[in-house]
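# Observations on the three-dimensional arrangement
Below, each chain spelled out in residue letters.
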Amino acid sequence: MPLLIQEVPVINAPIELLLLADPSEDKIRSYLSGSKCFAASIGAVEVGACVVQQRGTDTYELMSIAVHPAHQKCGYGTALLKWVIEFYRSCGARQLEVGTGTFGYQLAFYQRQGFRVTSIDRNFFVKNYPEPIFEDGIQLFDMLRLTLRYSDTTA
Ligand SMILES: CC(C)(COP(=O)(O)OP(=O)(O)OC[C@H]1O[C@@H](n2cnc3c(N)ncnc32)[C@H](O)[C@@H]1OP(=O)(O)O)[C@@H](O)C(=O)NCCC(=O)NCCS
């Protein structure tokens, strides 16, 4: 069955999927209102989701993207990210931003689509989450901010 990607009302955002990308349900709920949510499904199964918030007249931030663990490494995350990039290109966006940890496969996941590192937010994960966050046994301290400038890429 083909992968179907579409915008869904934020009230129907799959929180359990979004928790894979952000361990704080409070934070997810706080940025959901005022954002758009996109879901990727195969038949009746929702396999992935992505939340994007407008930051300025032509700047958007990808707040969260996640694929269900049973469906990871099948290309769905890349398909969803590419779809969202093209959605905002067609809306006239100038740039799409994302914040992520300073290590791990997620960095390559974004950079493959043209995102470039633009700044570092030191101690972001310590200052913004009550509990330490670990990935691959390494504590996350700093957040890298990556930006995709549409003028640098072609559709
Ligand atoms: C990031 C994520 C959305 C990617 O979705 P996906 O469907 O697995 O991505 P793809 O299948 O398109 O794979 C993209 C690349 O990431 C790699 N990858 C995906 N999951 C991985 C994992 N758990 N460990 C190592 N590499 C992984 C894939 O192998 C692939 O690289 P390759 O082309 O060199 O093989 C998904 O792994 C996820 O939900 N992760 C947990 C939440 C998260 O970290 N979100 C991002 C927050 S910044």
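Report on the accompanying structure. (Residues numbered from 1 in each chain as written. Predicted model: local features only at pLDDT ≥ 70, side-chain atom pairs only at ≥ 80, totals over all residues. Heavy atoms only, no water.)

## What about the sheet that holds strand 6 (residues 116–121)?
Strand order in the open sheet formed by 7 strands is 1-2-3-4-5-9-6, and the pairing between neighbours is mixed. The open sheet terminates on both sides in strands that have one partner only, identified here as strand 1 (3–8) and strand 6. Ignoring strand direction, the axes of neighbouring strands in this sheet form an average angle of 25°. Across 6 bridges, the pairing between strand 1 and strand 2 (residues 35–42) is antiparallel. Bridge pairing in strand 2 places Leu 3 opposite Ile 42. Those strands touched by helix 2 (residues 25–32) are strand 2, strand 3 (45–54) and strand 4 (59–67), and its axis lies near 60° from that of strand 3. Running over the sheet, helix 3 (residues 76–90) touches strand 1, strand 2, strand 3, strand 4, strand 5 (95–101) and strand 9 (143–149) and is turned about 140° from strand 2. (Pairing = 2+ DSSP bridges. Helix = DSSP H or I, 4+ residues; strand = E, 2+ residues; numbered from the N terminus. Axes fitted to C-alpha atoms, helices over the stretch in contact; angles between N-to-C directions. Contact = heavy atoms within 4.5 Å.)

## Details of the site of the ligand
Looking at the ligand, there are 18 residues lining it, with Val 67, Gly 75, Gly 77, Thr 78 and Gln 106 nearest. Between the ligand and the protein, one listed contact pairs an oxygen atom with a side-chain N or O atom of Gln 72 at 3.4 Å. Here an oxygen atom of the ligand sits 3.1 Å away from a polar atom, N or O, in the main chain of Cys 74. Isolated, the ligand exposes 890 Å² of accessible area, and the fraction of that covered by the protein chains is 73%. Given that more than half its atoms are within 2 Å of the pocket grid, the ligand belongs to the largest pocket. Looking at the shell around the ligand, the elements that each hand over two or more residues are strand 4, helix 3 and helix 4 (105–111). Of all the elements, helix 4 adds the most residues to the shell around the ligand, at 4 residues. Here the residues of the shell around the ligand sort into 10 nonpolar, 6 polar and 2 charged. (Near = heavy atom within 4 Å. Polar contact = N/O pair within 3.5 Å; in protein donor to acceptor, adjacent residues only side chain to side chain. Areas by Shrake-Rupley, 256 points an atom, 1.4 Å probe, with all protein chains shown as cover. 1 Å grid on protein atoms, 1.4 Å probe; cavity = no way out; pocket = protein on both sides within 12 Å on 5 of 7 lines; lining within 4 Å. Sits in = over half its atoms within 2 Å of the grid points. Nonpolar A, V, L, I, M, F, W, Y, C, P; charged D, E, K, R; others polar.)

## Quick word on the pattern of salt bridges
All told, the structure shown has 7 salt bridges when counted by the stated rule. A salt bridge links Arg 29 to Glu 25; the nearest nitrogen and oxygen atoms lie 2.8 Å apart. Of this pair, Arg 29 and Glu 25 are both found in helix 2, 4 residues apart, which corresponds to roughly one turn of the helix. By relative accessible area, Glu 25 is classed as partly exposed at 34%. Three or more residues joined by partner-sharing salt bridges are found here, namely Arg 55, Glu 61, Glu 97 and Arg 145. (Salt bridge = Lys/Arg side-chain N within 4 Å of Asp/Glu carboxyl O. Buried < 20%, exposed > 50% of the residue type's maximum accessible area, 1.4 Å probe, protein only.)

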